[in-house]
Amino acid sequence: TDLINEKTGLIIDATYSASKIKWIMDEVEGVRDDMEKGEVLFGTIDTWLLWNLTKGKVHATDPSNASRTLLYNIFDMKWDDEILEVLDIPKNILPEVKDTVGIFGYSDKSILGVEIPISGIAGDQQAALFGQACFKVGDAKNTYGTSNVPLVYIGDKTIKSEKGLLTLAWSIDNKPYYAVGASILTTGAAVKWL
């Protein structure tokens, strides 16, 4: 628990990708061998979208999405070899991590008739923080939906959070920026139920 928290800012939880990858590798026959041969790759939804938009030319993500897998060191800005070793997850299945803002690739011409640059990827709540122009330390947003997600921008400095409240907001010019926040899992759904 301490190792994961110190490197990822998160707490161990089945919500994140690491436990799902580990379960699939251990429980689905042949997957581990296919991963080690490079025939099976991992990615979050943005990785899958990018892969499909580029017709398999780009296997990448950004730090805001990588940081929510339990496998990405948000301080060293890379997939964490020690965590991967502990969980016995091969590094070759993971997407390349690129800056949140920048060219990831180009959509395949067969999809929209032209190649369109894909020039930014951000995780759901981090994108909302960015979209609400929370660029000054202390700026905050609160997203209401099924869940309620308050997030406060803290800039390029980090804090220690044993409760898993620290997250990587985005990366620009290879420089990380952070936020703190939480998820209240049932808010909009509770109002609807009431």
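These numbers were taken from a predicted model, which means no experiment stands behind them. (Residues numbered from 1 in each chain as written. Predicted model: local features only at pLDDT ≥ 70, side-chain atom pairs only at ≥ 80, totals over all residues. Heavy atoms only, no water.)

Participant: Would you mind showing me how to read the overall build of the protein chain here?
Facilitator: Within the protein chain, the secondary structure is distributed over 9 helices and 10 strands. The C-alpha radius of gyration computed for the protein chain amounts to 17 Å, which stays within 12% of the reference 16 Å derived for 194 residues, consistent with globular compactness. The proportion of buried residues among the 194 residues of the protein chain is 41%. In the form shown here, the protein chain has an accessible surface area of approximately 10800 Å², with 56% of it arising from carbon and sulfur atoms. Treating the 19 positive side-chain charges of the protein chain as one cloud and the 27 negative ones as another, the clouds have centres 6 Å apart. (Helix = DSSP H or I, 4+ residues; strand = E, 2+ residues; numbered from the N terminus. Rg over C-alpha atoms; globule rule 2.2 N^0.38 Å. Buried < 20%, exposed > 50% of the residue type's maximum accessible area, 1.4 Å probe, protein only. Areas by Shrake-Rupley, 256 points an atom, 1.4 Å probe, with all protein chains shown as cover. Lys, Arg positive; Asp, Glu negative; His and termini not counted. Charge placed at Lys NZ, Arg CZ, Asp CG, Glu CD.)

Participant: When you look at the packing of aromatic side chains in this model, what are you seeing that I'm missing?
Facilitator: A ring pair, where both rings are aromatic, is described by two values, the distance of the centres and the angle of the planes. A full pass over the atoms with the stated rule returns 6 aromatic pairs. Between the aromatic rings of Phe-130 and Trp-170, the centroid separation amounts to 5.0 Å while the plane-to-plane angle is 90°, which identifies the pairing as edge-to-face. Here the residue Phe-130 occupies a position in helix α8 (residues 124-131), and Trp-170 occupies one in strand β9 (residues 166-172), the gap between them amounting to 40 residues. What makes Trp-170 buried here is its relative accessible area of 4%. (Phe/Tyr/Trp six-rings, centres within 6.5 Å; stacked < 30°, edge-to-face > 60°.)

Participant: Where do I start with the nonpolar core in this structure?
Facilitator: The nonpolar side chains of soluble globular proteins are, as a tendency, buried together. Ile-21, Leu-71, Trp-79, Ile-89, Ile-93 and Leu-94 are the most contacted members of the largest nonpolar core, which totals 25 residues. Looking at this core, the elements that each hand over two or more residues are α2 (17-27), α3 (31-36), α6 (81-87), β9 and β10 (175-181). Of all the elements, α2 adds the most residues to this core, at 3 residues. Ranked by size, the runner-up nonpolar core spans 8 residues in total, among them Cys-134, Tyr-153, Ala-169 and Trp-170. (Core = buried A, V, L, I, M, F, W, Y, C linked by side-chain atoms within 4.5 Å.)

Participant: So what exactly am I meant to see when it comes to the sheet that holds strand β7 (residues 140-144) here?
Facilitator: Working definition: the strands of a sheet are paired by backbone hydrogen bonds and lie parallel or antiparallel to each other. Pairing within the open sheet is antiparallel, and its 4 strands lie in the order β7-β8-β10-β9. Two strands lie at the open edges of the sheet, namely β7 and β9, each paired on one side alone. Ignoring which end each strand starts from, the neighbouring axes of this sheet average 30° apart. By the bridge criterion, 4 bridges tie strand β8 (residues 148-155) to β10 in an arrangement that is antiparallel. When the bridges of β10 are listed, Tyr-153 appears paired with Ala-179. (Pairing = 2+ DSSP bridges. Axes fitted to C-alpha atoms, helices over the stretch in contact; angles between N-to-C directions.)

Participant: Where do I start with the pairing of β9 in this structure?
Facilitator: Across the 7 residues that make up β9, a large majority, 6, are buried. Summarising the sheet, β9 and β10 pair through 6 bridges and their orientation is antiparallel. If you follow Ile-172 over to β10, its bridge partner there is Lys-175. Between β9 and β10, which pair antiparallel one after the other, the connecting turn spans 2 residues, and Asp-173 there sits at a positive phi close to 55°.

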